[in-house]
Amino acid sequence: MLKSEFEIDNILEILRHKFVTTHRDAEVRHEIDRLLRRNADGAPIAVPVRFSGGREARGIVVTGHPGDGKSTIIDHVLKTHPALGLGAPGGPRYLAVTVPSPATLKALGCEILRVSGYPDVSERRERWSIWRLVRHRLAALGVVVLLIDEAHDLRSNGSVEEIMDILCAFKSLLEADPPVILLLSGIPILHEIVAFEGQKNRRFAKLELSPVTAPTEGDKLQQLIVDFCRCADIAPPEVDVVPRLIYASRYRFGMCIENTLNTIEEALRHGDDRLTLAHFAEAWAAVESKGPDCNPFLAIKWASIDLTEGTDPRQWKLKK
């Protein structure tokens, strides 16, 4: 039955706000809890553990490829954390910012202040003065964890000196009184940025989100497709699409979700009452702009299509 545009938009809005839990959430939560002190019952509290003889807190670097779902996972873990999240005593104890452009020390400091609700800071103010204000502001708000999302963009200014200064500013937060736990999120090249200075590199635990595989998460994805179809009031596919979905999504969980939602939208707008492989193919092609021979949902030898990261999509071809 053909649904109205309003009905379709409403269904898609509901589906987009569904959070799907995976083992990656527990991995991120574990790394955060490891840097928090605990009460007598063993529950984490909003107080950073101090390392190096009590001189500093530590940070975490979470990396993954685009489409892995890093931002969604970290946002959910922080929001729902009993000691840091929306329901924590006294309100949230974390602050999340995205690296601004240009990615300079001054711009990042001003962005942190802006997100924290601080009035506009004069551009004429010295950058280290801005970061002193950042430390005071975070302390006044009781911020325990500072999330810097898209942290790989710190290298976009092209200046090694600027990156080193930013890393020094991060160190000042880890050593502040009270200290702030830093959570840096980005693509794998972020490791190179943090490793610019070895002494600062050791202050960060490293967590790379693992790829999706059919043996480990195939059943979860299959159930997710069924649940999403039920919510959209259409029947799930009669064939097993999960292996193709994982491959077409480059083994990234976030992309698996996005491709599934795009496919359901394709079926709904066509007025179809069952999801099919053809819907997956059409939705994928609309994003990737490739012909049927290079479409994992259509090609017979779909696992031989080269989707190697870093190649020009216009040059995708079958592997020799």
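Before reading on, note that the structure itself is shown above.
Because the structure is predicted, anything quoted here is derived from the model rather than measured.

**Regarding the packing of aromatic side chains**
Argument step 1. Summed over the entire model, instances satisfying the criterion amount to 4 aromatic pairs.
Argument step 2. Measuring from centroid to centroid gives 5.7 Å for Tyr247 and Trp302, while their planes differ by 70°, and the two rings are edge-to-face. Separated by 55 residues along the polypeptide, Tyr247 in helix 10 (residues 242-248) and Trp302 in the segment after helix 12 (277-288) bring together distant segments of the chain.
Argument step 3. For Tyr247, a relative accessible area of 10% corresponds to the buried category.

**Some thoughts on the pairing of strand 5 (residues 145-149)**
Argument step 1. For strand 5, a buried count of 5 out of 5 residues is recorded, marking the element as mostly surrounded by other parts of the structure.
Argument step 2. The alternating pattern of strand 5 places Val145, Leu147 and Asp149 on one face and Leu146 and Ile148 on the opposite face, and all of these are buried.
Argument step 3. Looking at chain direction, strand 4 (residues 94-98) and strand 5 are connected through 5 bridges and run parallel. Across the sheet, residue Ala96 finds its bridge partner in strand 5, namely Leu147.
Argument step 4. Judged from the 4 bridges that link them, strand 5 and strand 6 (residues 181-186) form a sheet pairing that is parallel. Looking at the pairing, Val145 lines up with Ile181 of strand 6.

**Remarks on the packing of helix 2 (residues 23-34) against helix 3 (residues 70-80)**
Argument step 1. Interaxial distance between helix 2 and helix 3 falls to 10 Å at its minimum, and their mutual angle equals 55°. Viewed along their axes, helix 2 and helix 3 adopt a mutual orientation that is oblique. By crossing handedness, the relation of helix 2 to helix 3 is classed as right-handed. Counting all contacts with helix 2, which are made through Arg24, Asp25, Val28, Arg29 and Ile32, the residues of helix 3 involved are Ile73, Ile74, His76, Val77 and Leu78.
Argument step 2. Of the residues that constitute the contact of helix 2 with helix 3, the class distribution is 6 nonpolar, 1 polar and 3 charged.

**What to know about the pairing of strand 3 (residues 59-63)**
Argument step 1. In terms of burial, strand 3 is largely enclosed, as 5 of its 5 residues are buried.
Argument step 2. The alternating pattern of strand 3 places Gly59, Val61 and Thr63 on one face and Ile60 and Val62 on the opposite face, and all of these are buried.
Argument step 3. As judged from the 4 bridges shared by strand 3 and strand 6, these two strands associate in the parallel manner. Among the inter-strand pairings, Val61 is bridged to a residue of strand 6, identified as Leu184.

**Some points on the pattern of salt bridges**
Argument step 1. Within the structure shown, the criterion is met by 20 salt bridges.
Argument step 2. A salt bridge links Asp9 to Arg269; the shortest N-O distance between them is 3.0 Å. Taken together, the positions of Asp9 in helix 1 (residues 5-16) and Arg269 in helix 11 (residues 253-269) put the pair 260 residues apart, joining distant regions of the chain.
Argument step 3. Taking relative accessible area as the criterion, Asp9 reaches 39% and is therefore assigned partly exposed.
Argument step 4. Look at Arg269 and you get partly exposed, because its relative accessible area is 32%.
Argument step 5. One salt bridge in this structure joins Arg29 and Asp33, with 2.7 Å as the shortest N-O distance. Taken together, the positions of Arg29 and Asp33, both in helix 2 and 4 residues apart, correspond to about one turn of that helix.
Argument step 6. Because the salt bridges share partners, they merge into one network encompassing Glu5, Asp9, Arg16, Glu265 and Arg269.

**A closer look at the sheet that holds strand 3**
Argument step 1. Read across the sheet, 5 strands follow the order 4-5-6-3-7 without closing on themselves; strand pairing throughout is parallel. Strand pairing shows two members of the sheet lacking a second neighbour, strand 4 and strand 7 (204-208), which therefore form its edges. Strand-to-strand twist in this sheet, taken as the mean axis angle between neighbours without regard to direction, amounts to 15°.
Argument step 2. Along the sheet, helix 4 (residues 105-115) makes contact with strand 4 and strand 5, crossing strand 4 at roughly 130°.

**Observations regarding the side chain of Glu56**
Argument step 1. With respect to the secondary-structure elements, Glu56 resides in the loop between strand 2 (44-48) and strand 3.
Argument step 2. Reaching out from Glu56, the side chain makes a polar contact with the side chain of Arg58 at a distance of 3.4 Å.
Argument step 3. Among all residues touching Glu56, those that are not within four sequence positions of it are Val49, Arg50, Phe51, Leu174, Glu175, Arg202 and Arg203.

**Topic: helix 4**
Argument step 1. When you tally the buried positions in helix 4, you get 8 out of 11 residues, the bulk of the element.
Argument step 2. Residues Leu105, Ala107, Leu108, Gly109, Cys110, Glu111, Ile112 and Leu113 constitute the buried set of helix 4.
Argument step 3. Buried residues belonging to helix 4 abut strand 4, helix 5 (127-141), strand 5 and helix 6 (160-174).
Argument step 4. Two residues or fewer past helix 4, Gly117 is found with a positive phi of approximately 95°.

**A short note on the environment of Pro179**
Argument step 1. In this fold, Pro179 is placed in the loop between helix 6 and strand 6.
Argument step 2. Along the chain, Pro179 and Ile305 lie 126 residues apart, while their C-alpha atoms are 49 Å from each other.
Argument step 3. Residues contacting Pro179, with those up to four places away along its chain left out, are Pro48, Arg50, Ala57, Leu173 and Leu174.

**Quick word on the nonpolar core**
Argument step 1. In terms of nonpolar packing, the biggest core is built from 56 residues, with Ile112, Ile148 and Phe170 touching the most fellow members.
Argument step 2. Looking at this core element by element, the count peaks at 7 residues for helix 6.
Argument step 3. Non-local contacts of Phe170, meaning those with residues more than four positions away in its chain, are made with Leu108, Trp131, Ile148, Leu154, Leu182 and Leu184.
Argument step 4. Core analysis: the second largest hydrophobic core is formed by 36 residues, Val20, Cys229, Ile234 and Leu307 among them.

Conventions and cut-offs
Residues numbered from 1 in each chain as written. Predicted model: local features only at pLDDT ≥ 70, side-chain atom pairs only at ≥ 80, totals over all residues. Heavy atoms only, no water. Phe/Tyr/Trp six-rings, centres within 6.5 Å; stacked < 30°, edge-to-face > 60°. Helix = DSSP H or I, 4+ residues; strand = E, 2+ residues; numbered from the N terminus. Buried < 20%, exposed > 50% of the residue type's maximum accessible area, 1.4 Å probe, protein only. Pairing = 2+ DSSP bridges. Axes fitted to C-alpha atoms, helices over the stretch in contact; angles between N-to-C directions. Parallel < 35°, antiparallel > 145°, perpendicular 65-115°, else oblique. Left-handed = near helix turned anticlockwise from the far one by under 90°. Contact = heavy atoms within 4.5 Å. Nonpolar A, V, L, I, M, F, W, Y, C, P; charged D, E, K, R; others polar. Salt bridge = Lys/Arg side-chain N within 4 Å of Asp/Glu carboxyl O. Polar contact = N/O pair within 3.5 Å; in protein donor to acceptor, adjacent residues only side chain to side chain. Core = buried A, V, L, I, M, F, W, Y, C linked by side-chain atoms within 4.5 Å.

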